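Structural overview for review
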Amino acid sequence: MTETMVEAMNRDTTTNSIVITQLRKSYEKSADADAAYAVDNISFDVPKGQFVTLLGPSGCGKTTTLRCVAGLEHATEGRIEMGGEVVFDAARKRHVRPEERPIAMVPQSYGIWPHMKVIDNAAFPMRHGRNRRRGPEVRQRALEMLEQVGLAGMADRWATQLSGGQQQRLALARALLGDPEVLLLDEPLSNLDAKLRAKLRQELRSFQEQFGVTALYVTHDQAEALAMSDTVIVMNKGRIEQIDRPERLYDHPRSSFVADFIGSANLFPVRDASAGTRGGVLARTDLGPVLCSRTAPGEEVRHHNGGFVCVRPEDVGVRPADADAAPADNEFTGVVESAEFLGDRLELVVRSANLPITVSTRAGQDLRPGREVVLRLSPAATSYLAN
Ligand SMILES: Nc1ncnc2c1ncn2[C@@H]1O[C@H](COP(=O)(O)OP(=O)(O)OP(=O)(O)O)[C@@H](O)[C@H]1O
Ligand SMILES: [Mg+2]
């Protein structure tokens, strides 16, 4: 038995809709040792009923992963299970065709057929999909679904006579009418304006819950990923950086890439780091020594060269400098370089030891450019990241 198979067997296929094991995909015909992999050895589960998001910058392999799950691409290595059935296994040359998989895909372009009426677009998977039906119930069900997605009264329009947001809902209605176990969604909201996008992401999530369908969603928009997902899978250059709940990703990033990609973060290069005398990690930076209570789970730091100190702008304390009081531990003096009033907060860039530090604070303090200030990096909110 290969290592891949042992690993796959140790994961629960009864509570997972999708189990992906060591998936690799190269688009090059002759995959040699130096081949570039669009997806490079990724493994993850999508638990039943959950909303799981693949998040990462352009070109990191999100669409490739989704297309492999859909069966529209053949992976080079690895294995994919759905509902307990192996739908792809590179070693055994097993590949279940897309239309035989319990999925429906909403591609980025919605995939609406312009030569069809709205109702015929919606009813398509019932007429041609895995579970075919006939007769008047098809039209009736499609009409009901159109009503549920807010397209009542539009059934007999041409699909091209819908707005972008309406086409998006039609694509969703059509996908749901195929009774899929898993919905695959590739940046379905990216062509919409910001307001509609925010509204539709709520709707999408409530449809997903209402229909009890599992969702694997792709986006490069971190706010969208945090707002919608039960679990986020952060990808970078074909690999997985971190799999976590949104709050954990934000509060406990495992790498400087994740910290930087999710929200905004101050990242200071570390010369060397060692275990603090009372727990945590003492990191030597250009600012001075910084005590960090947060470290990546499972990582015990005795002595390390390099890495980063990471602190969110809202976790940096700031007060005007006081000539009489010397800075305490984890406090550093600096000068306000810029101050922007953003309504709910004041955003400062403070320069300290030649490092720009972004600070988000409640407005109202006298913190104009040129002021000398003391910054406090609370150890509890400061992370040491080894890479
Ligand atoms: N059909 C193809 N042939 C060759 N290379 C491809 C093909 N499709 C994608 N790639 C390459 O594979 C890598 C991953 O592409 P992919 O489309 O999966 O990225 P993505 O994360 O979806 O990016 P985006 O956010 O821009 O949609 C990229 O380097 C891309 O150029
Ligand atoms: Mg893509």
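As shown above, the structure is provided for reference.
The structure contained in this document is the topic of the report that follows. (Residues numbered from 1 in each chain as written. Chains lettered and ligands numbered in written order. Predicted model: local features only at pLDDT ≥ 70, side-chain atom pairs only at ≥ 80, totals over all residues. Heavy atoms only, no water.)

**Points about the site of ligand 1**
Close to ligand 1 lie Y27, A38, P57, S58, G59, C60, G61, K62, T63, T64 and E187, which account for all nearby residues. With respect to ligand 1, the side chain of T63 contributes an N or O atom lying 2.8 Å from an oxygen atom. T64 has a polar side-chain atom sitting 2.5 Å from an oxygen atom of ligand 1. With the chains in place, 55% of the 640 Å² that ligand 1 exposes on its own is no longer accessible. A per-class count over the shell around ligand 1 returns 4 nonpolar, 5 polar and 2 charged. (Near = heavy atom within 4 Å. Polar contact = N/O pair within 3.5 Å; in protein donor to acceptor, adjacent residues only side chain to side chain. Areas by Shrake-Rupley, 256 points an atom, 1.4 Å probe, with all protein chains shown as cover. Nonpolar A, V, L, I, M, F, W, Y, C, P; charged D, E, K, R; others polar.)

**Section: the packing of helix α3 (residues 118-128) against helix α5 (residues 164-177)**
Two elements in contact, α3 and α5, have axes whose closest approach is 7 Å; the angle formed by their N-to-C orientations is 25 degrees. When the axis of α3 is compared with that of α5, the two are roughly parallel. Crossing angle aside, the handedness with which α3 passes α5 is right-handed. Contacts between α3 and α5 pair V118, N121, A122, F124, P125 and M126 from the former with L170, R174 and L177 from the latter. By residue class, the composition of the contact of α3 with α5 is 7 nonpolar, 1 polar and 1 charged. (Axes fitted to C-alpha atoms, helices over the stretch in contact; angles between N-to-C directions. Helix = DSSP H or I, 4+ residues; strand = E, 2+ residues; numbered from the N terminus. Parallel < 35°, antiparallel > 145°, perpendicular 65-115°, else oblique. Left-handed = near helix turned anticlockwise from the far one by under 90°. Contact = heavy atoms within 4.5 Å.)

**Re the pairing of strand β21 (residues 355-361)**
Most of β21 is tucked away: 5 of the 7 residues are buried. Across 7 bridges, strand β20 (residues 346-352) lies against β21 in antiparallel orientation. In the sheet register, V349 faces β21, and the bridge partner there is T358. Between the antiparallel neighbours β20 and β21 lie 2 residues, among them A353 with a positive phi of about 50 degrees. (Buried < 20%, exposed > 50% of the residue type's maximum accessible area, 1.4 Å probe, protein only. Pairing = 2+ DSSP bridges.)

**Focus on the environment of L385**
For L385, the position within the fold is in strand β23 (residues 383-385). Taking the C-alpha atoms as reference, L385 lies 19 Å from R278; in sequence the two are 107 residues apart. Contact partners of L385, with chain neighbours within four places excluded, come to P253, R254, S255, S256, A259, L267, G307, F308 and C310.

**Focus: the nonpolar core**
Ranked by size, the top nonpolar core spans 38 residues in total, and within it L146, L170, L183 and L185 carry the most contacts. The set of elements that each furnish at least two residues to this core consists of β7 (103-106), α3, α4 (136-148), α5, β8 (182-186), α6 (194-210) and β9 (214-219). No other element matches the 7 residues that α5 contributes to this core. Other than its neighbours up to four places away in sequence, L146 contacts V118, I119, A122, L151, A152, A155, L170 and A173. (Core = buried A, V, L, I, M, F, W, Y, C linked by side-chain atoms within 4.5 Å.)

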